[in-house]
Amino acid sequence: MPFDFGPLFPPGTPAPAMRWTGSPKYNFTGGNNDADALPLDGLKQAAQAVLDREGRTLATYGLNSGPQGYRPLREFLSIKLKRDAGLSCSADDILIVSGSLQALDLVNAALLTRGDTVIVEQDNYQGTLTRLAKLGIKVIGIPLDKGGMRMDVLEAALAELKAHNIRAKYIYTIPTVQNPTGTILDEGRRATMLKLAEHYGVPIFEDDCYADLVWSGARPPALYAMSKSANVIHIGSFSKSIAPALRVGFIVAPWAIMSRILALKTDAGSGALEQMVLAEYCKPHFTEHVPVLRRALRKKLTTLTDALAEQFGTAAEFDEPKGGIFLWVKLPDKVDSLKLYQAALAAGVAINPGPEWSTDKAHSISRIRLCFASPSHDEIRAGIAVLAEVCRKEFGVPTRSANIERRV
Ligand SMILES: Cc1ncc(COP(=O)(O)O)c(C=O)c1O
């Protein structure tokens, strides 16, 4: 008999994980990147160069850079954030973390306790929503329109909380290519959000991991950059601009909160080799790599929207995202996306069902999120054709595919 660990697990331990059984044939889930657009040669050369020059510093925890991460990477970020996001910070204001998921955990650990309230965009990143649910946090979802989070509803929510003597712990926002809606909060709304945040004494938690993937290359200034009262915590990542498996993200925060976050980061530093390679590669190559990646992603989006138009016709509605790697699709009301998810998976197509990506289950039940960065153009076309077939079998829609009338 194998040893029984069961009685040892403390109360509140999460349910056991499932074993990984491989990727589905057509995978429209996960924030994966486009493998063909990965700057592999550049990363190889950077690895060789940085290891030749300073590889022996790996013998020391934290290299020679201290607990906030490899200094040349933080220096690159401080220049990049100023150039791209108008954000002024020094290397000392930046903490390198193991992906922005660790940033979410650290900020939550610093600020939240069971029963607290936070405000978020109604349609949202699943990784954020599941974390908040596990922590027992009350989550208020603010609906979005084509311009991102609605400021009128945010204002009403803050006023309502105040009337009940509740101060939200933060307003969490993905303002630049929102996940999953692909919207961008314009500068005017950013100013309004900052004004409201200041008025109600609530900090802003800005998750900017898609900011490099705006099609036009032009983005509004970061909320952190626009704040006059140091009330914004800004997080970012190299997952979407370079590669998610590297697990390198970062936090920019005023020292009052950074010092608390640092005290909670007890893993003796994030992977140093990744940080060294990234710094070596990014300094000379980041600005030339990102437009190449954006063009590759944009082409895949076009393949996806063409395939949806061909296979689903008017049954699939969506707003073109302003950048990024996913499309938020509305299917007819009769489609239950949780059931569609199960049936599609059985046919080899993985999609994200809307309710896992929203605080409003009724609003999201007939919506799905499709990630288009990682499947090839052929896989996108074939996968959407299978999805349409499954959807028709289960729900009777779409009735036309590839301009052919289909019988259910
Ligand atoms: C909004 C948002 N935040 C954070 C993350 C986590 O990314 P990573 O930990 O790879 O930086 C993701 C990943 O998809 C995301 O969409």
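Here the structure is a predicted model, which is why all the values come from computation and not from measurement. (Residues numbered from 1 in each chain as written. Predicted model: local features only at pLDDT ≥ 70, side-chain atom pairs only at ≥ 80, totals over all residues. Heavy atoms only, no water.)

1. Description of the sheet that holds strand β7 (residues 171-173)
(1) Moving on: The strand order across the open sheet built from seven strands is β2-β10-β9-β8-β7-β3-β4, with neighbouring strands paired in mixed fashion. A single partner strand is all that each edge strand has here, and the edge strands are β2 (94-97) and β4 (138-142). Averaged over all pairs of adjacent strands, the angle between their axes in this sheet comes to 20 degrees, without regard to strand direction.
(2) Moving on: Inspection of the sheet shows β7 paired to strand β8 (residues 204-207) by three bridges, in the parallel sense. In the sheet register, Tyr-172 faces β8, and the bridge partner there is Phe-205.
(3) Moving on: Along the sheet, helix α5 (residues 151-163) makes contact with β3 (117-121), β4 and β7, crossing β4 at roughly 150 degrees. (Pairing = 2+ DSSP bridges. Helix = DSSP H or I, 4+ residues; strand = E, 2+ residues; numbered from the N terminus. Axes fitted to C-alpha atoms, helices over the stretch in contact; angles between N-to-C directions. Contact = heavy atoms within 4.5 Å.)

2. With respect to the packing of helix α1 (residues 40-54) against helix α9 (residues 272-312)
(1) Moving on: In the contact formed by α1 and α9, the axes pass within 8 Å of each other and the chain directions differ by 110 degrees. Accordingly, the angle class assigned to the pair α1 and α9 is roughly perpendicular. Viewed along their axes, α1 and α9 form a crossing whose handedness is right-handed. For the pair α1 and α9, contact is made by Gly-42, Leu-43, Ala-46, Ala-47, Ala-49, Val-50, Leu-51, Arg-53 and Glu-54 and by Leu-273, Met-276, Val-277, Glu-280 and Tyr-281, respectively.
(2) Moving on: Within the contact of α1 with α9, the residues separate by chemical class into ten nonpolar, one polar and three charged. (Parallel < 35°, antiparallel > 145°, perpendicular 65-115°, else oblique. Left-handed = near helix turned anticlockwise from the far one by under 90°. Nonpolar A, V, L, I, M, F, W, Y, C, P; charged D, E, K, R; others polar.)

3. Notes on the sheet that holds strand β13 (residues 352-353)
(1) Moving on: Here we have three strands laid out as an open sheet, ordered β11-β14-β13, and antiparallel in their pairing. In this open sheet, the two strands that pair with only one neighbour each are β11 (326-330) and β13.
(2) Moving on: By the bridge criterion, five bridges tie β11 to strand β14 (residues 367-371) in an arrangement that is antiparallel. Residue pairing across strands places Leu-327 opposite Leu-370, the latter belonging to β14.

4. Regarding the pairing of β11
(1) Moving on: Burial analysis of β11 places five of its five residues in the buried class, the great majority of the element.
(2) Moving on: Residues of β11 alternate between two faces, with Phe-326, Trp-328 and Lys-330 on one and Leu-327 and Val-329 on the opposite face, all of them buried. (Buried < 20%, exposed > 50% of the residue type's maximum accessible area, 1.4 Å probe, protein only.)

5. Remarks on the pattern of salt bridges
(1) Moving on: The full count for this structure, using the stated rule, is 19 salt bridges.
(2) Moving on: Across the pair Lys-300 and Asp-34 runs a salt bridge, and its minimum N-O distance is 3.4 Å. Of this pair, Lys-300 sits in helix α9 while Asp-34 sits in the loop between β1 (26-27) and α1; the two residues are 266 residues apart in sequence, bridging distant segments of the chain. Residue Lys-300 shares its accessibility class with Asp-34, and that shared class is buried. (Salt bridge = Lys/Arg side-chain N within 4 Å of Asp/Glu carboxyl O.)

6. Some thoughts on the layout of surface pockets
(1) Moving on: As a volume, the largest pocket reaches approximately 1100 Å³.
(2) Moving on: Lining the largest pocket are 35 residues, with Thr-29, Gly-30, Gly-31, Gln-126 and Asn-352 sitting closest to its centre.
(3) Moving on: Broken down by secondary-structure element, the contributors of at least two residues to the lining of the largest pocket are α3 (99-111) and α10 (337-346).
(4) Moving on: Considering every element that reaches the lining of the largest pocket, the biggest residue donor is α3, with three residues.
(5) Moving on: For the lining of the largest pocket, a count of residues per class yields 15 nonpolar, 14 polar and six charged.
(6) Moving on: Size it by volume and the second largest pocket reaches roughly 310 Å³.
(7) Moving on: Taken together, 15 residues form the lining of the second largest pocket, with Leu-144, Thr-181, Asp-319, Trp-328 and Arg-367 sitting closest to its centre.
(8) Moving on: Breaking the lining of the second largest pocket down by element, the ones donating at least two residues are β5 (144-145) and β11.
(9) Moving on: The biggest single contributor to the lining of the second largest pocket is β11, with three residues. (1 Å grid on protein atoms, 1.4 Å probe; cavity = no way out; pocket = protein on both sides within 12 Å on 5 of 7 lines; lining within 4 Å. Points joined across faces, edges and corners; volume = space filled by probe spheres on them.)

7. With respect to the site of the ligand
(1) Moving on: Not every one of the 14 residues close to the ligand is listed here, only the nearest: Ser-100, Asp-207, Tyr-210, Ser-237 and Ser-239.
(2) Moving on: A distance of 2.9 Å separates an oxygen atom of the ligand from a polar atom in the backbone of Leu-101.
(3) Moving on: With respect to the ligand, the side chain of Ser-237 contributes an N or O atom lying 2.6 Å from an oxygen atom.
(4) Moving on: Here the ligand, which alone exposes 400 Å², has 95% of that area covered by the protein.
(5) Moving on: Top contributing element to the shell around the ligand by residue count: α3, with three residues. (Near = heavy atom within 4 Å. Polar contact = N/O pair within 3.5 Å; in protein donor to acceptor, adjacent residues only side chain to side chain. Areas by Shrake-Rupley, 256 points an atom, 1.4 Å probe, with all protein chains shown as cover.)

These results come straight from atomic positions and should not be treated as a statement about function.
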